[in-house]
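Take a look at the letters that make up each chain.
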Amino acid sequence: MFYFRFTADTPYCGTENTDLRKFEERPTDAELDEMAEEFAQLNAESYEYLVTGWGEDNFDDEDEEAEALENYYADCEGKWEEITEEEYNEEG
């Protein structure tokens, strides 16, 4: 078995999330990168309201909002690392 920790974060405090996964066969680095990117995207989407607010009109126009969201997503990140079975069991 192969064990991995995926971490996703946004530029806002308290928005880091972790996902542990195990695989019978080791995924390629490209597959792991894609999984980390998808996890980061989902995490970022769940905190997008920190930029836009809850249905509030916080921007002068749509271009300003689009630029704020573009900058936000550019600062979001996702990464992966291989961990041991013991780490997987302790954190899971």
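Not measured: the values here are computed from a predicted model. Numbers given for residues are sequential positions, taken from 1 along each chain in its written order. In keeping with the model being predicted, local features are shown solely for residues with a pLDDT of at least 70 and side-chain atom pairs are shown and tallied solely at 80 or more, while totals for entire chains, interfaces and linings include all residues. Hydrogen atoms and water are omitted, and side-chain values are computed over all heavy atoms in the structure.

*Asks:* Before we move on, could you go through helix H3 (residues 62-74) and cite the residues and values that matter?
*Replies:* The numbering of helices and of strands both runs from the N terminus, where a helix is a DSSP run of H or I of at least 4 residues and a strand a run of E of at least 2. A helix is expected to span 1.5 Å multiplied by its residue count minus one. A rise of 1.5 Å per residue sets the reference length of H3, with its 13 residues, at 18 Å; its end C-alpha atoms lie 18 Å apart and thus fit the reference within 8%. We call two N or O atoms a polar contact when they sit within 3.5 Å, provided that within protein one can donate a hydrogen and the other can accept it, with sequence-adjacent residues counted only if both atoms are side-chain atoms. Looking at where H3 begins, the residue whose side-chain oxygen comes 3.1 Å from the main-chain nitrogen of Asp63 is Asp61.

*Asks:* Lay out the side chain of Thr10 in plain terms, naming residues and giving numbers.
*Replies:* With respect to the helices, strands and loops of the structure, Thr10 is situated in the loop between strand E1 (2-9) and strand E2 (17-23). Residue class for Thr10 comes out buried when judged on its relative accessible area of 6%. Of the polar contacts made by the side chain of Thr10, one reaches the side chain of Thr15; its length is 2.5 Å. Not counting the four nearest positions on each side in its chain, Thr10 is found in contact with Thr15, Asn43, Ala44, Tyr47, Tyr72 and Cys76. Each residue is placed in one exposure class: buried if its accessible area under a 1.4 Å probe, protein chains only, is under 20% of its type's maximum, exposed if it is over 50%, and partly exposed if it falls in between. Here, residues are in contact when the closest pair of their heavy atoms is within 4.5 Å.

*Asks:* Lay out helix H1 (residues 29-46) in plain terms, naming residues and giving numbers.
*Replies:* Along its 18 residues, H1 runs 26 Å from first to last C-alpha, staying within 8% of the 26 Å computed at 1.5 Å per residue. Within the span of H1, buried status applies to Leu32, Met35, Ala36, Phe39, Ala40, Asn43 and Ala44. Close packing links the buried residues of H1 with E1, E2, H3 and strand E3 (77-83).

*Asks:* I'd like a rundown of the sheet that holds E3, residues and numbers included.
*Replies:* Judged by pairing direction, the sheet is antiparallel, and its three strands sit side by side in the order E2-E1-E3 without closing on themselves. Because the sheet does not close on itself, it has two edges, and the strands there are E2 and E3. Across the sheet, the mean angle separating the axes of adjacent strands is 20° when strand polarity is ignored. Strands are treated as partners if at least two bridges between them are detected by DSSP. Here E1 runs beside E3; their pairing, made up of seven bridges, is antiparallel. By the bridge assignment for E3, Phe6 is matched with Trp80. The strands touched by H1 are E1, E2 and E3; relative to E1, the strand with the most contacts, the crossing angle is about 35°. Lines fitted to C-alpha atoms define the axes here, with helix axes fitted over just the stretch in contact, and angles between the N-to-C directions of these axes take values from 0 to 180 degrees.

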